[in-house]
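Remarks on the overall topology
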Amino acid sequence: MAEQPLLDVRDLSLRYPGPRGAVRALEGVSLSLSRGRVMGLVGESGSGKSSLVMALLGLPGTGAVLDAASMQFDGLDLRQQAAALRGRRIGMVFQDPGSALNPAMTIGAQVAEPLVRHLRMSRQDALDRAAALLTEVGIARAESVVRAYPHQLSGGMKQRAVIATALACEPELLLLDEPTTALDVTVEAQILDLLDRLRRERGVGMLLVSHNLGIVDRLCDDLTVLYAGRVVEQGAAATLLAAPRHPYTRGLLAAVPRADRGRMGRLAPIPGGLPDLTRPDPGCNFRPRCAFALPSCAAPQALAPQDGRLVRCHRAEAVGLAPLPGVTGAPPPPPRRPSDAPLLIATELTKTFRLGRPGLALRGGRLALRRPAELRAVDDVSFHVARGEVLGLVGESGCGKSTLGRMVLRLLGADAGRLRFDGQPVTDRPAVEFRRRAQIVFQNPNSSLNPRQTVEQALRWPLVRFGLARGAAADREVDRLLELVRLPSSYRARYPHQMSGGEKQRIGIARALASRPDFVVCDEAVSALDVSVQAAVLNLLSDLRDELGLAYLFISHDIGVIAHLADRIAVMYRGAIVEIGTAEQVLSPAYHPYTEALLSAVPLVGSGGRAARRVRLTGDASAVPDGAGCRFAPRCPRRIGGVCDTVPPPVRQPAPGHRIACHLPLETLAAIPPALGEAA
Amino acid sequence: MAGFVGRRLLSVVAIVWAMTVLVFGIVHLLPGSVAHMILGEFATADAIATLERRLGLNDPLWLQYWRWFSALLRGDFGLSLTMDRPAGPLILEALGRSAILAGISIVLVALLGMALGIHSAVKRGSVEDQVLTIAQYVFIAIPEFFWCILAILLFASWLGWLPATGYTPMGEGGVLRWASHLVLPVATLALGLTAHVSRMVRSSMLEALDSHYVLAARAKGMPERVVLWRHALPNALLPAITVLAIDVGLLIGGIVVAETVFSYPGLGRLLIYAIENQDLPLMMGGMIVVTAAYALANLVADLLYALLNPRIRYGGAA
C-alpha cells in the first residue's frame, strides 16, 4: 500500500519573462518526497535549485510564470495554498543566517512570530515556547538568547535560531537552501547532526539544496541532480554517489577535490558553462559540455529508468562506465621534491587589532580613560615556504589566516617579527622588487577586479609598473598571460562584467602572474567558484607551479582543496599555528586534537554518513577568551586539566619537520586513530 | 546606553565650545575696528582710542575671549551695537519664532518624506512611483528661493489667499492670522527637503524589501502588512534618520533665505541684519545659538538612531 507522498511535484516549469526572451529556470521537474526522508538537490549555481525551493514556497519572485501538472503537499495544491502553508507546515532555512535574521528584532521575537501568527499563541506563551525551541536546537542559556539581537550571536548560533524559527510550528517539511555553506566546518558538523536528529526524532521530511556532495551523502536518502533547469539523474543518494550514470553527475563527482584521497594529480573539470536559458534546447542541454556527446544527442531525451534510478541520457547505458576523458590520463604525479632552500621565512610574526577606539567613559560616576579591547589576530607565528612549494594554510573563519597572508606580503604591517625573502630581510615598506616577486590572488574576483578596467588594462599595468615590457612587447606579454590561464586572446577587450566567475578568477591569477613572481599568496582563491570551475582553476594553479616553479601560500577553509594541492599544511587556530608538517604528516596521525576535530568534521563523499568516528567540538572559535595556556583548551575534547589553561603548550616533533603544539605526550597523539576514513 | 548618551552630550558641549573659539577668532581677525563701527565714519582718533580702552579692546585676545565666553556662560550675550539693547533677549525672541518655522517644517518633512518614500518603494516601477521620482528630482534641483518667489507671486499677489510677508503674534490677531503667515515659508522650506528625504527613504526601503530577512519573514508566512511594518520599515528608517539630521543643516540655511524673502522676523533675518550692520555681539551670539541648535538636533538624531538600532544600543558581539 503506497503511502501518499508528503511532497509530490509533476512537470514543474518556471519561466521569468525578460527583454531577451523568457529565462527557463525550470523545465519539467518532477520529484516526490515521503515523510521523514531527506532529498538532496544538487547542481552548479544557476541550475535552478533555489528557484525550485522558492517556487514550492509560493515565492518565485515577481513576473515568474509557473506551470505544473501537479504540485501537491500532503494532498493540498501548493499553487493555491502555499501562502497558507509556509511557516506553518513548511519551514524554510536560508543559506546565510547573518542576513536571514532581522537585525532590528530580538531572536525571541523572530522565533515566536510564527507561533503568534499561525497558532494564535499569546505573546508570552510564544516566547516561552521559543526558548524551549532554542534549547532543543542546542542553544545554551536560551532564556537570555531570546532577548538577544542577531549581532550578538555567532554564526552557528544564528543558524540554530533560524532552524528553530523554521521548526516553530512543527512543520512536516523543511526546505534547506545551503544551510551550512556560510558556516565553519566544525559548526557545520554540529548543524548536520542536529538536522539528522530532527529527521529521526520528528520525522520531518527535508529537501536539502547543497553544492557539497559530502553533506548530501551524510544526510540524504534520495538525490535529484539538476542541470540548467532539468532533472538529469534521480534516485537513491547512496546509489547515485557510488555509481553515477549521467555524464553530468559523473563530472560533478570527478571535479571534487577530496580530503581522503590526498594528492591525486589532476582533477577533471567539466568544460564550458551553463547554456543560455533564454534559448530552449529540445535536445540534451548538457551535450555541448559532454565528453560522450553524439549528433543523436540533439534529439529530445526522456528521464528513463536505468540501474535503479532515473537518468536523462540515451547514451548512459552505451557509455556505461567508460572513464571520463579528464580522469583517464591522470597518473599520480611523480613525487616532486621542492627544493629545500626556503624562499620565504616568517619568524615570530605578530599582529594585534584594537577593537573600537579609545575614549572617555563614565565609570562609577567618574570619567575614566577607556582602553579598547585587543585581538591578537596573529600571535608569534613562524614558518617557511620553499621554492616551488605549496604551503596550505587551513583554519576556521576568524583564525587569522587572511591576516597572516597579507602580513607575509607586507600589505599589512606586523607589530613584531621578521620576514626574509630569498635571503634578504623584508622591511615594513618593501622594495619594488619584493612587490614584483610576491603577489596575491584574492577570494572574490568580483571585488578584486576594477569594473572599469578591461582585461588588457588590468594585465598591462603590472608590466608598466615594474618596467617589464611596453608597446608591442607588452601586447605579446598580455597574450602570453592569457594563454597561461587558458583564455583566448579575444578576452583582452572584455570588462569584468562580461566574464563568468571562473574566467574572472583566471584574470585575477593572470594579473598576479604578470610580474613573473616567485611567490603567490592565494587567499581562498577558489572558494567562491562552482566545483567544475574550481577544478579547472586548481589544475591551472598546480600546472603553473610545475611549469614556473611558483611557490604558494594557499589559504583555504576547505580541507579537500588543501589536501589536493598542498605539499605541506599548517593548521591555524585563533592566531597561532597549532600543527605544521607535510600533507601526509598532517592528514594522518599523530594529530593535534584540533586537526583531528577539523578532519573528522569534513563530510566525505562515499562514507554514506557512516563515518567511523566523529569528534564534535562544542561552541565555536570566537567564544574562547584569551588565556596564558593553550588557546584550544576550552573546546578541546582531549584536554588534560589545568595545565592546558595556564601553561603555553610545548612543541612536539613526531617526525622531522612535523610540529604539534600540545601538552599531550607524543605517544598519546600518535595513538589517535585516523580521522579521515582511509587517510592519505 | 547611559555611557553612550554621556559621550554624545560631551561631544555636543565640545562642538559648541569649539564654535565659540572659531566665531570669536573669525570676527576678531576681520579688518576694521569695533570702536570705529560704533562711533561711525567721522569719529576722531581720540574718541576711538578712549572707547577702545573702555571696551577693553587693547587687552590681549585671550582675555577678551575669556570675558566674552564667561559672560556667554552666564547667559549674557552682550549689548547689541546698533539697537543699544541686550542681544540675549533679541536672539531668544527671534529664535522662538524661527523654531516654530523649523519645527513645523521638520515634522512635515519627516512625516511626508517617509510616507512618500515608503509608498514609492512599495509601488516600485509603477506610474505613481515614476511621477513621484520626477517631482522629487525637480524639487531637489531647484533652490528654495525660486519657490519662495513663485509662492508669493501665486498665492499672495495673484490669488491673494495668504499674506506675502510679515508676522503676527498669536496674541494679537488670533491663531488663524498667526498661521496664515507661516504657511508659505513652511511650505517652501519643506518642499525641497521632503523630496530629499523621501528619495532616501525610498532607496533604503527598497534595500530592506530586497533583503534576506524580508524574504525569510515571507517564508515564515507573515502577511505583507507585517513584513512591511515590522520587518522592513524599522531597518529602512535608520539611514533616513541620519539624512534628516543632515537636513537640519540645510533647513537652517533655508530659513535664512525664507525669512529674508518673506520678511519673517526670525533668527535668520536677525543674523543677516547683524552682518549687514556689523553688529558683532548680535552676530556672534546668533551664530553660537544656531550652532547649538544644530548640534542638539544631531544629538536627538543620534539618540533616535541608537534607540532603533540594537547594534549601538547593545554594543558588540556577546
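Scroll up a little and you will see the structure.
Report on the accompanying structure.

Parameters at a glance
By convention here, each chain's residues receive numbers from 1 onward along its written sequence. As a convention, the first chain written is A and the first ligand written is 1, with the rest following in written order. pLDDT decides what is reported in this predicted model: residues at 70 or higher carry local features, side-chain atom pairs at 80 or more are listed and counted, and totals for whole chains, interfaces and linings draw on all residues regardless. By convention in this description, side-chain values take in all heavy atoms of the structure and omit both hydrogens and water. Every residue pair with non-hydrogen atoms within 4.5 Å of one another is taken to be in contact. Put simply, buried area is how much 1.4 Å-probe accessible surface two parts lose in total, over both of them, once they are put together. Should a side-chain nitrogen of Lys or Arg be within 4 Å of a carboxyl oxygen of Asp or Glu, the pair is scored as a salt bridge. Polar contact criterion, stated in full: a pair of N or O atoms within 3.5 Å, where within protein one must be able to donate a hydrogen and the other to accept it, and residues adjacent in sequence count only if both atoms are side-chain atoms. Numbering of helices and strands runs from the N terminus; a helix is a DSSP stretch of H or I covering at least four residues, while a strand is a stretch of E covering at least two. Residues are grouped as follows: nonpolar covers Ala, Val, Leu, Ile, Met, Phe, Trp, Tyr, Cys and Pro; charged covers Asp, Glu, Lys and Arg; every other residue, Gly included, is treated as polar. The convention used is that axes are lines fitted to C-alpha atoms, helices contributing only their stretch in contact, and that angles between N-to-C directions extend from 0 to 180 degrees. For classification purposes, an angle smaller than 35 degrees is called roughly parallel, one larger than 145 roughly antiparallel, one from 65 to 115 roughly perpendicular, and anything else oblique. Note on convention: near helix rotated counterclockwise from far helix by under a right angle means a left-handed crossing. Clockwise means right-handed. Strands pair, by our definition, only if DSSP identifies at least two bridges between them. Two rings from Phe, Tyr or Trp (for Trp, the six-membered ring) form a pair when their centres sit within 6.5 Å of each other. Planes less than 30 degrees apart are called stacked, planes more than 60 degrees apart edge-to-face, and all others tilted. For every residue, the accessible area obtained with a 1.4 Å probe (protein chains only) is divided by the maximum for its type, and the residue is called buried under 20%, exposed over 50%, and partly exposed between those limits.

1. Quick look at the interface of chain B and chain A
On the chain A side, the residues contacting the 28 residues of chain B number 27 residues. A combined buried area of about 2400 Å² lies between chain B and chain A, and 62% of that area is made up of carbon and sulfur atoms. The tally of links from chain B across to chain A stands at two salt bridges. The closest approach of N and O atoms between B:Lys220 and A:Glu113, which form a salt bridge, is 2.9 Å. In this assembly, chain B and chain A are joined by 11 residue pairs in polar contact (both at pLDDT 80 or more). Those elements that provide at least two residues to the side of chain B that touches chain A are α1 (2–29), α9 (212–219), α10 (224–261) and α13 (310–313) of chain B. In terms of residue class, the side of chain B that touches chain A is built from 14 nonpolar, seven polar and seven charged.

2. Focus on the packing of helix α8 (residues 170–209) of chain B against α10(B)
Residue and element names in this part refer to chain B. It is at 8 Å that the axes of α8 and α10 come closest, and there the two elements cross at 155°. Classified by the interaxial angle, the pair formed by α8 and α10 is roughly antiparallel. Relative to α10, the crossing made by α8 is right-handed. In the contact of α8 with α10, the residues fall into 20 nonpolar, three polar and one charged.

3. Some details on the pairing of strand β5 (residues 70–73) of chain A
Residue and element names in this part refer to chain A. Bridge count for strand β1 (residues 7–16) against β5 is four bridges, and the pairing is antiparallel. When the bridges of β5 are listed, Asp8 appears paired with Gln72. Pairing geometry for β5 and strand β6 (residues 76–77), over two bridges, is antiparallel. Counterpart to Gln72 in the pairing with β6 is Asp77.

4. Description of the environment of A:Ala291
Relative to the helices and strands, A:Ala291 resides in the loop between α11 (247–255) and β12 (304–306). Sequence separation between A:Ala291 and A:Leu324 is 33 residues, and the spatial gap between their C-alpha atoms is 7.1 Å.

5. As for the side chain of A:His118
Residue placement: A:His118 occurs in helix α4 (residues 107–119). Here the side chain of A:His118 touches B:Lys220 through a polar contact of 2.7 Å, landing on its backbone oxygen. Discounting chain neighbours no more than four positions away, the residues touching A:His118 are A:Arg86, A:Gly87, A:Arg88, A:Cys169, B:Lys220, B:Gly221 and B:Met222.

6. Looking at the packing of aromatic side chains
Residue and element names in this part refer to chain B. For the coordinates displayed, the defined rule picks out 17 aromatic pairs over all chains. For the ring pair Phe146 and Trp147, a centre distance of 5.1 Å and an interplane angle of 75° mean the geometry is edge-to-face. Residue classification places Phe146 among the partly exposed residues on the basis of a relative accessible area of 37%. Among the residues examined, Trp147 registers a relative accessible area of 14% and is labelled buried. Three or more aromatic residues joined by ring pairs form one cluster here, namely Phe24, Tyr65, Trp66, Trp68 and Phe69.

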